[in-house]
Amino acid sequence: MEAPQEKKPVFFPDEGYWTAEADGLHLIGSRCTKCRQNFFPPREVCPKCFPEGFEHRMEESKLSSRGKLYTYSIVQVAPKRFLPPYALGYIDFPEGVRVLGQLTTSDPAKIKIGITVQTELGRIAIDEQGNEVMSYKFRPL
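Computed from a predicted model, the values in this text were never measured in an experiment.

The rules behind the values
- Residues numbered from 1 in each chain as written.
- Predicted model: local features only at pLDDT ≥ 70, side-chain atom pairs only at ≥ 80, totals over all residues.
- Heavy atoms only, no water.
- Helix = DSSP H or I, 4+ residues; strand = E, 2+ residues; numbered from the N terminus.
- Contact = heavy atoms within 4.5 Å.
- Areas by Shrake-Rupley, 256 points an atom, 1.4 Å probe, with all protein chains shown as cover.
- Lys, Arg positive; Asp, Glu negative; His and termini not counted.
- Charge placed at Lys NZ, Arg CZ, Asp CG, Glu CD.
- Buried < 20%, exposed > 50% of the residue type's maximum accessible area, 1.4 Å probe, protein only.
- 1 Å grid on protein atoms, 1.4 Å probe; cavity = no way out; pocket = protein on both sides within 12 Å on 5 of 7 lines; lining within 4 Å.
- Points joined across faces, edges and corners; volume = space filled by probe spheres on them.
- Nonpolar A, V, L, I, M, F, W, Y, C, P; charged D, E, K, R; others polar.
- Patch = residues over 30% accessible without salt bridge, like charges linked within 9 Å, V, L, I, M, F, W, Y side chains within 5 Å.
- Salt bridge = Lys/Arg side-chain N within 4 Å of Asp/Glu carboxyl O.

For this particular structure, what's the right way to read the overall build of the protein chain?
Within the protein chain one finds zero helices and 10 strands. Going residue by residue from the N terminus, the α and β elements of the protein chain occur as β-β-β-β-β-β-β-β-β-β. Considering only C-alpha atoms, the protein chain reaches an extent of 60 × 45 × 30 Å along its principal axes. Across the protein chain, contacts joining residues at least 24 apart in sequence account for 52% of those joining residues at least 6 apart. A total of about 8800 Å² of accessible surface is found on the protein chain, and carbon and sulfur atoms cover 52% of it. Looking at charge distribution, the protein chain has the averaged site of its 19 positive side-chain charges lying 6 Å from that of its 18 negative ones.

So this is what it looks like as C-alpha cells:
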C-alpha cells in the first residue's frame, strides 16, 4: 500500500519576488537606473527608456510593506482551483507601483477604497495535487 503524499505549499510566483522583514512582507521589483521608475513584477528593460538605448540598467527594488487600496472587486465565480468568494484589488505603493492581488478578506464591509493594506503571505488557490498555492496578499488595516 502506497503512503499518502505529504502536501507541501507551492509558491507563485517563486519566493524571489518577496522578502519577509520585521515590518512585514516586501515585494521585490526593479527600478530603472536612468529614469528611476519602479516596476513589479521585475522587468529586464525599462519600457520608458528602452527606445533611447541600452546604456541604462535595471536594479532590484524593494517595495514598501504597505500601500493604499486603489480599487477592488469581490470575486464570486473564479477560475478552477481558486476558492471564491475573495476580494481582488489594485494596491498603490509609495514607490509609484500599482500591484494586483488578493485581499485577505471577502467581507465588503471591511474594504474601503483608500484604506491602507499590509502585504503578507497567504493561500491564493489549491493546485492539481491539493497543495496550497501561496503568494503575496494584502490585509486591510
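What's the story with unusual backbone geometry in this structure? I'm lost.
Peptide bonds are mostly trans, and most non-glycine residues show a negative phi. Residues Phe40 and Pro41 are joined by a peptide bond in cis, for which omega reads 0°. Summarising the element assignment, Pro41 is placed in the loop between strand 4 (38-39) and strand 5 (58-62). Residue Pro85 is reached from Pro84 by a cis peptide bond, and omega for that bond is 0°. Along the chain, Pro85 turns up in the loop between strand 6 (66-75) and strand 7 (86-92). Residue Arg81 is not a glycine yet carries a positive backbone phi of 80°. By the element assignment, Arg81 lies in the loop between strand 6 and strand 7. Look at Arg81 and you get partly exposed, because its relative accessible area is 32%.

Please clarify how the layout of surface pockets should be interpreted in this entry.
To find leftover empty space, one rolls a probe the size of a water molecule over the atoms. Each pocket or cavity is described by its volume, and for the largest pocket that value is around 240 Å³. If you go around the largest pocket, the residues you meet are Phe12, Pro13, Phe82, Tyr86, Leu88, Leu100, Gly101, Gln102, Ile124, Ser135 and Tyr136. Breaking the lining of the largest pocket down by element, the ones donating at least two residues are strand 7, strand 8 (98-103) and strand 10 (132-140). Looking at which element gives the most residues to the lining of the largest pocket, the answer is strand 8, with three residues. Here the residues of the lining of the largest pocket sort into eight nonpolar, three polar and no charged.

Any chance you could explain a nonpolar patch on the surface here in plain terms?
Taken together, the side chains of Tyr70, Tyr90 and Leu100 make up a nonpolar region of the molecular surface, amounting to roughly 280 Å² of accessible area. Following the sequence through the fold, Tyr90 ends up in strand 7. On the basis of relative accessibility, which here comes to 36%, the residue Tyr90 falls in the partly exposed class.

Explain the pattern of salt bridges to me, please; I cannot follow it from the model alone.
Pairs can form between side chains of opposite charge whenever their charged atoms are close. Enumeration over the complete set of coordinates arrives at seven salt bridges. Glu128 is the partner of Arg81 in a salt bridge, and the nearest nitrogen-oxygen pair spans 2.9 Å. With a gap of 47 residues between them, Arg81 in the loop between strand 6 and strand 7 and Glu128 in the loop between strand 9 (116-126) and strand 10 connect regions that are remote in the sequence. Between Glu120 and Arg139 there is a salt bridge whose closest N-O contact spans 2.7 Å. Taken as a pair, Glu120 in strand 9 and Arg139 in strand 10 lie far apart in primary sequence, 19 residues in all. Salt bridges linked by common partners bring Arg31, Arg36 and Glu59 together as one network.

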